[in-house]
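# Structure assessment
Listed below are the residues making up each chain.
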Amino acid sequence: MKLRSCVLLGVCGLLFAGPADVSAQLTAAKDGPVVYGHHHVNTTDVAAQKKFFVDTLGGVAIQVGTNNTEIVKFPNVLIFFRQVPAAPGGTRGTTVNHIGFSVPNLRATIDKLKASGYQMITATEATPDRQVKDDIAGPPPAGGSSIAFVQAPDDIKVELVEAPKQTTPIALHHVHFFHPANSEMQAWYVKTFGATSRLGGAFPAALLPGVALNFSSSPTPVVGTQGRALDHIGFEVKNLAEFTKTLEANGVKLSVPYRSVPALGIAIAFFTDPWGTYIELTEGLDKVQ
């Protein structure tokens, strides 16, 4: 039953993907064999999630599929929703602590969030090396960008990073993992997905086109993502069939084996990383018709 649910979740999510408008959003897909593809959110209130991600942050809702289901698109990431009957538990305390977007004007974004009634949590979530003033955490002494944190519906923690030269109003920036074994996680993601390693600074990272996978050490144990508000993360992979064979040869057990969805011209697979992050792999999400 669990396997069947996973398959249905993946396929249904992809059935919701729209045509040309969606493909235009995963622009980083042309830049490498593996790029980030989507966040998949469990929620008790899809309308509340849409209010946050569309009405306030500026994502674009697309009504697609036979059930007129809506997904939300941002540059280089799509967000899928699954209605659940009970509060799923937020992102804090899981292996994926938060997701991040970049914006050219952090002050304006914060003002809009507060006007819409969302709680800014910068003061409690920023690291001690940053001075927080008016909900903005300034760059640490070593340099960097100003940031802020906001609490999204279903206790999803969202970071906003100021990028003054950015020409789009908002874009995917990073996915931030927390775990006591953060260095091992970073090395695994670099090896598994062919990412570029970035060491030093506040935390190690694995860089893929259009996204940074950041890894911080957690002083306390964390749990996996499946069943929580951010149920799984997704990567778009070229030649997914061969990629899954390589994963299996390296000891990765697929919870949903590679399979094609001919009607959509896509392929999918699921697995869980060694620390509990549930991952969907797709091929063709950037050009679904």
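The shown structure was predicted, so the numbers you read here are calculated from the model rather than taken from an experiment.

### Details of the environment of leucine 26
- Relative to the helices and strands, leucine 26 resides in the loop between helix H2 (20–23) and strand E1 (34–43).
- A relative accessible area of 3% means that leucine 26 is categorised as buried.
- Setting aside chain neighbours within four positions, we find leucine 26 in contact with Tyr36, Gly37, Asn76, Val77, Leu78, Leu285 and Asp286.

### Topic: the side chain of threonine 282
- Within the secondary structure, threonine 282 sits in strand E18 (residues 278–283).
- Accessibility expressed as a relative area gives 1% for threonine 282, which makes it buried.

### A closer look at the packing of aromatic side chains
- Inspection of the entire model under this criterion finds 18 aromatic pairs.
- Ring geometry for phenylalanine 52 against tyrosine 118: centres 5.0 Å apart, planes inclined by 80°, an arrangement best described as edge-to-face. Here phenylalanine 52 is found in helix H3 (residues 46–56), whereas its partner tyrosine 118 is found in the loop between helix H4 (106–115) and strand E6 (119–120), with 66 residues between them in sequence. Exposure class is identical for phenylalanine 52 and tyrosine 118. Each is buried.

### Some points on the pairing of strand E9 (residues 147–152)
- Among the six residues of E9, six are classified as buried, and the element is accordingly described as predominantly covered.
- Where burial is concerned, the two faces of E9 agree: the one with Ile147, Phe149 and Gln151 and the one with Ala148, Val150 and Ala152 are both buried.
- Pairing of E6 with E9, which is carried by two bridges, proceeds in the antiparallel orientation. Paired with methionine 120 across the bridge in E9 is valine 150.

### What about the pattern of salt bridges?
- Under the counting rule described, the total for this entry stands at six salt bridges.
- Note that aspartate 31 is salt-bridged to lysine 30, the shortest N-O span being 3.7 Å.
- Close ionic contact of aspartate 135 with lysine 114 constitutes a salt bridge, the shortest N to O distance being 2.8 Å. One end of the pair, aspartate 135, is in the loop between strand E7 (132–133) and strand E8 (136–137); the other, lysine 114, is in helix H4, and 21 residues separate them in sequence.
- The network of salt bridges with shared partners includes Arg92, Glu125 and Lys157.

Each value, and the rule that gives it
The numbers attached to residues start from 1 for each chain and follow its sequence in the written order. Where totals are concerned, whole chains, interfaces and linings use all residues; where local detail is concerned, this predicted model gives features only for residues with pLDDT of at least 70, and gives and counts side-chain atom pairs only at 80 or more. Think of the side-chain values as coming from all heavy atoms in the structure, minus any hydrogens and water. Secondary structure counts use DSSP, requiring at least four H or I residues in a row for a helix and at least two E residues in a row for a strand, with both numbered from the N terminus. Three labels apply to residues, based on accessible area from a 1.4 Å probe with only protein chains included: buried if under 20% of the type maximum, exposed if over 50%, partly exposed otherwise in between. Working rule for contacts: check all heavy atoms of both residues, and any pair within 4.5 Å makes them a contact. Ring pairs are drawn from Phe, Tyr and Trp, using the six-membered ring of Trp, whenever the two centres fall within 6.5 Å, and their geometry is named by plane angle: stacked under 30 degrees, edge-to-face over 60, tilted for the rest. Here, strands pair whenever DSSP counts at least two bridges between them. For this document, the term salt bridge refers to a Lys or Arg side-chain nitrogen within 4 Å of an Asp or Glu carboxyl oxygen.

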